[in-house]
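Each chain is listed here by its residues.
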Amino acid sequence: MIEIIQRQRWSEYTRYLIVGRYCSISLDLFDTFHSSFGGTAFVHGLWVDEIKRRKGYATTILDTAEKIARRAGHKSVFLEWHGADTPEFVLQWYMRRGYNVREREDDYTLLEKTL
């Protein structure tokens, strides 16, 4: 089961902390365009317990974050991939899920998905 455990309202954005039994993710929804990444919705901190990977948990929790962003009126969602911290197969997985490269430099990639 996936649930929103916390909704934090800050001065310029709302952060959703979403968890499941074996996974978690954070979603920041900015009130206005955020120049650091070029949009208004940003996903970060996607985590799945190592022994539960490749069982659909990441798909389910990322879908949940995207649905929250869509329902709040956001047209796209962004995320970052860092090769120093995350294997290449994760980047490929994001791309199969509809994320497109917005910016790439060395082992850093900014990805965007239209909702």
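Here the structure is a predicted model, which means the values were calculated and not measured.

Engineer: Which parts of the structure should I look at to understand the pairing of strand β3 (residues 23–34)?
Structural biologist: Within a regular strand, the side chains alternate between the two sheet faces. The pairing of strand β2 (residues 13–19) with β3 spans seven bridges and is antiparallel. Residue pairing across strands places Tyr13 opposite Phe30, the latter belonging to β3. Two elements, β3 and strand β4 (residues 39–48), share seven bridges in a ladder whose sense is antiparallel. Counted as the bridge partner of Leu29 is Ala41 from β4. Count of turn residues in the β3/β4 antiparallel hairpin: four residues, of which Gly38 carries a positive phi of about 90°.

Engineer: Sorry if this is basic, but what is going on with the packing of aromatic side chains here?
Structural biologist: What characterises a pair of aromatic rings is the spacing of the ring centres plus the angle enclosed by the ring planes. Summed over all chains, the structure comprises seven aromatic pairs. Here the aromatic rings of Tyr13 and Phe30 are separated by 5.1 Å at their centres, their planes lie at 35°, and the arrangement is tilted. A residue pair is termed long-range when its members are at least 10 positions apart, and Tyr13 in strand β2 and Phe30 in strand β3 qualify at 17 residues. Of the residues examined, Tyr13 reaches a relative accessible area of 19% and is grouped as buried.

Engineer: I would appreciate a short explanation of the pattern of salt bridges in the present structure.
Structural biologist: Counting across every chain of the model gives six salt bridges. Between Asp63 and Arg97 there is a salt bridge whose closest N-O contact spans 2.5 Å. Of this pair, Asp63 sits in helix α1 (residues 57–71) while Arg97 sits in the loop between α2 (88–96) and β6 (100–105), and the two are 34 residues apart along the sequence. Relative accessible area serves as the criterion here: at 16%, Arg97 is assigned to the buried category. Glu66 is the salt-bridge partner of Lys113, the closest N and O atoms lying 3.0 Å from each other. Of the two residues, Lys113 is situated in strand β7 (residues 108–114) and Glu66 in helix α1; the sequence distance between them amounts to 47 residues. Of the residues examined, Glu66 reaches a relative accessible area of 2% and is grouped as buried.

Engineer: Would you mind going over the pairing of β6 with me for this structure?
Structural biologist: Looking at chain direction, β6 and β7 are connected through five bridges and run antiparallel. When the bridges of β7 are listed, Asn100 appears paired with Glu112. The antiparallel hairpin formed by β6 and β7 contains two residues in its connecting segment, where Asp106 sits at a positive phi of about 55°.

Engineer: Can you help me understand α1 in this one?
Structural biologist: Because each turn of an α-helix spans 3.6 residues, side chains separated by three or four positions end up pointing in the same direction. Under the 1.5 Å per step criterion, the end-to-end length of α1 is 21 Å for 15 residues, consistent within 8% with the ideal 21 Å. Looking at α1, one finds that the buried residues are Ala58, Ile61, Leu62, Ala65, Glu66, Ile68 and Ala69. Taken end-on, α1 shows its buried residues confined to a sector of 155°, consistent with a single buried face. In the stretch just after α1, Gly73 is the one whose phi turns positive, near 95°.

Rules used in this analysis
Residues numbered from 1 in each chain as written. Predicted model: local features only at pLDDT ≥ 70, side-chain atom pairs only at ≥ 80, totals over all residues. Heavy atoms only, no water. Pairing = 2+ DSSP bridges. Helix = DSSP H or I, 4+ residues; strand = E, 2+ residues; numbered from the N terminus. Phe/Tyr/Trp six-rings, centres within 6.5 Å; stacked < 30°, edge-to-face > 60°. Buried < 20%, exposed > 50% of the residue type's maximum accessible area, 1.4 Å probe, protein only. Salt bridge = Lys/Arg side-chain N within 4 Å of Asp/Glu carboxyl O. Expected span 1.5 Å × (residues − 1). Arc of directions from axis to C-beta.

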